[in-house]
Amino acid sequence: MKLAQKMLELARKEIGVTEVNGTNCGPRVNEYKATTWLPATKSWPWCAAFICWLVKMAMDAEGVKETKTFRRPRTAGAFDFENWSLSQGSETNTKKPHRNDILPGDIVIFKFSHIGIAETAMDKAGNVTCIEGNTDGAGSREGGAVLRKKRRADQIRSRIRILI
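Okay, so let's go over this structure. (Residues numbered from 1 in each chain as written. Predicted model: local features only at pLDDT ≥ 70, side-chain atom pairs only at ≥ 80, totals over all residues. Heavy atoms only, no water.)

## Considering the overall build of the protein chain
- Counting its regular elements, the protein chain contains four helices and six strands.
- Listing every helix and strand of the protein chain by position from the N terminus yields α-α-α-α-β-β-β-β-β-β.
- Since a compact globule built from 164 residues should have a radius of gyration of about 15 Å, the 14 Å found for the protein chain is in line with a globular shape.
- In terms of overall dimensions, the protein chain has a C-alpha envelope of 40 × 40 × 25 Å along the principal axes.
- Residue burial in the protein chain is summarised as follows: out of 164 residues, 51% are buried.
- In the protein chain, the proportion of contacts linking residues at least 24 apart, taken out of those at least 6 apart, comes to 54%.
- On the protein chain, roughly 7,400 Å² of surface is accessible, and the fraction owed to carbon and sulfur atoms is 52%.
- Mean positive and mean negative side-chain charge positions of the protein chain (27 and 18 charges, respectively) differ by 2 Å. (Helix = DSSP H or I, 4+ residues; strand = E, 2+ residues; numbered from the N terminus. Rg over C-alpha atoms; globule rule 2.2 N^0.38 Å. Buried < 20%, exposed > 50% of the residue type's maximum accessible area, 1.4 Å probe, protein only. Contact = heavy atoms within 4.5 Å. Areas by Shrake-Rupley, 256 points an atom, 1.4 Å probe, with all protein chains shown as cover. Lys, Arg positive; Asp, Glu negative; His and termini not counted. Charge placed at Lys NZ, Arg CZ, Asp CG, Glu CD.)

Structure, rendered in structure tokens:
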């Protein structure tokens with residue numbers, strides 16, 4: 001799970017990045033969006049792009065190359081991450097439902113079409129701390145910043161664990 005730990009390390013450094021004036025764009029946000037198949041300078045929700053960027057940057061940092069069985073995600077859709085993971089080889093593990101086995105570094109897909117990376121395992125109260133793109137203090141999926149959020153585990157639709 002070396003890649004997942006690198007993703008988490010990178011995500012922590014991005015906390016506080018914001019888009020420009022609620023446009024779903026901005027210098028750093030557009031860098032996230034450039035790791036997907038959609039145009040980086042157009043206005044669209046970017047929570048999944050943030051996760052695509054984390055995977056790409058972690059792969060680059062760790063020297064992990066794409067193979068026939070593992071390709072980095074390029075989707076801009078939170079729910080589509082499940083399809084991406086299921087199309088990989090043994091390098092990823094998807095659980096839907098997640099069965100409360102969230103670990104730091106897991107990609108978590110929320111029931112309200114949002115995505116983040118788990119920073120903690122589930123606590124005794126049933127919460128998981130995540131780092132998410134395109135959220136805000138209220139927890140919106142259209143919030144405009146990279147933030148640390150505490151979410152109830154029952155809000156999580158699935159989890160993806162990258163095993164390399």
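Having seen the model, we can carry on.
## Digging into the pattern of salt bridges
- Evaluated as defined, the whole model comprises 17 salt bridges.
- With its nearest N and O atoms 3.2 Å apart, the salt bridge here joins Lys95 to Asp101.
- Using a relative accessible area of 29% as the deciding quantity, one classes Lys95 as partly exposed.
- Salt bridges here are not isolated pairs; linked through shared partners, they connect Lys95, Asp101, Asp106, Arg159 and Arg161. (Salt bridge = Lys/Arg side-chain N within 4 Å of Asp/Glu carboxyl O.)

## With respect to the nonpolar core
- One finds Phe50, Leu54, Phe81, Ile107 and Ile115 to be the most contacted residues of the largest nonpolar core, which totals 33 residues.
- Elements with a minimum of two residues in this core: α1 (2-14), α2 (27-33), α3 (47-62), α4 (80-86), β2 (107-110), β3 (114-118) and β6 (156-162).
- Among the elements that line this core, the one with the most residues is α3, at 11 residues.
- When neighbours within four sequence positions are excluded, Ile107 is seen to be in contact with Met7, Ile51, Val55, Phe81, Ile115, Gly116, Ser158, Arg159, Ile160 and Ile162.
- Ranked by size, the runner-up nonpolar core spans eight residues in total, among them Phe110, Ala118, Val128 and Cys130. (Core = buried A, V, L, I, M, F, W, Y, C linked by side-chain atoms within 4.5 Å.)

## What to know about the environment of Arg28
- By the element assignment, Arg28 lies in helix α2.
- The exposure class assigned to Arg28 is partly exposed, which follows from its relative accessible area of 30%.
- Arg28 sits 10 residues away from Thr18 along the chain, and the two C-alpha atoms are 8.0 Å apart.
- Residues within four places of Arg28 in sequence aside, it is in contact with Glu14, Val17 and Trp53.
- A polar side-chain atom of Arg28 sits 2.8 Å from a polar atom in the side chain of Glu14. (Polar contact = N/O pair within 3.5 Å; in protein donor to acceptor, adjacent residues only side chain to side chain.)

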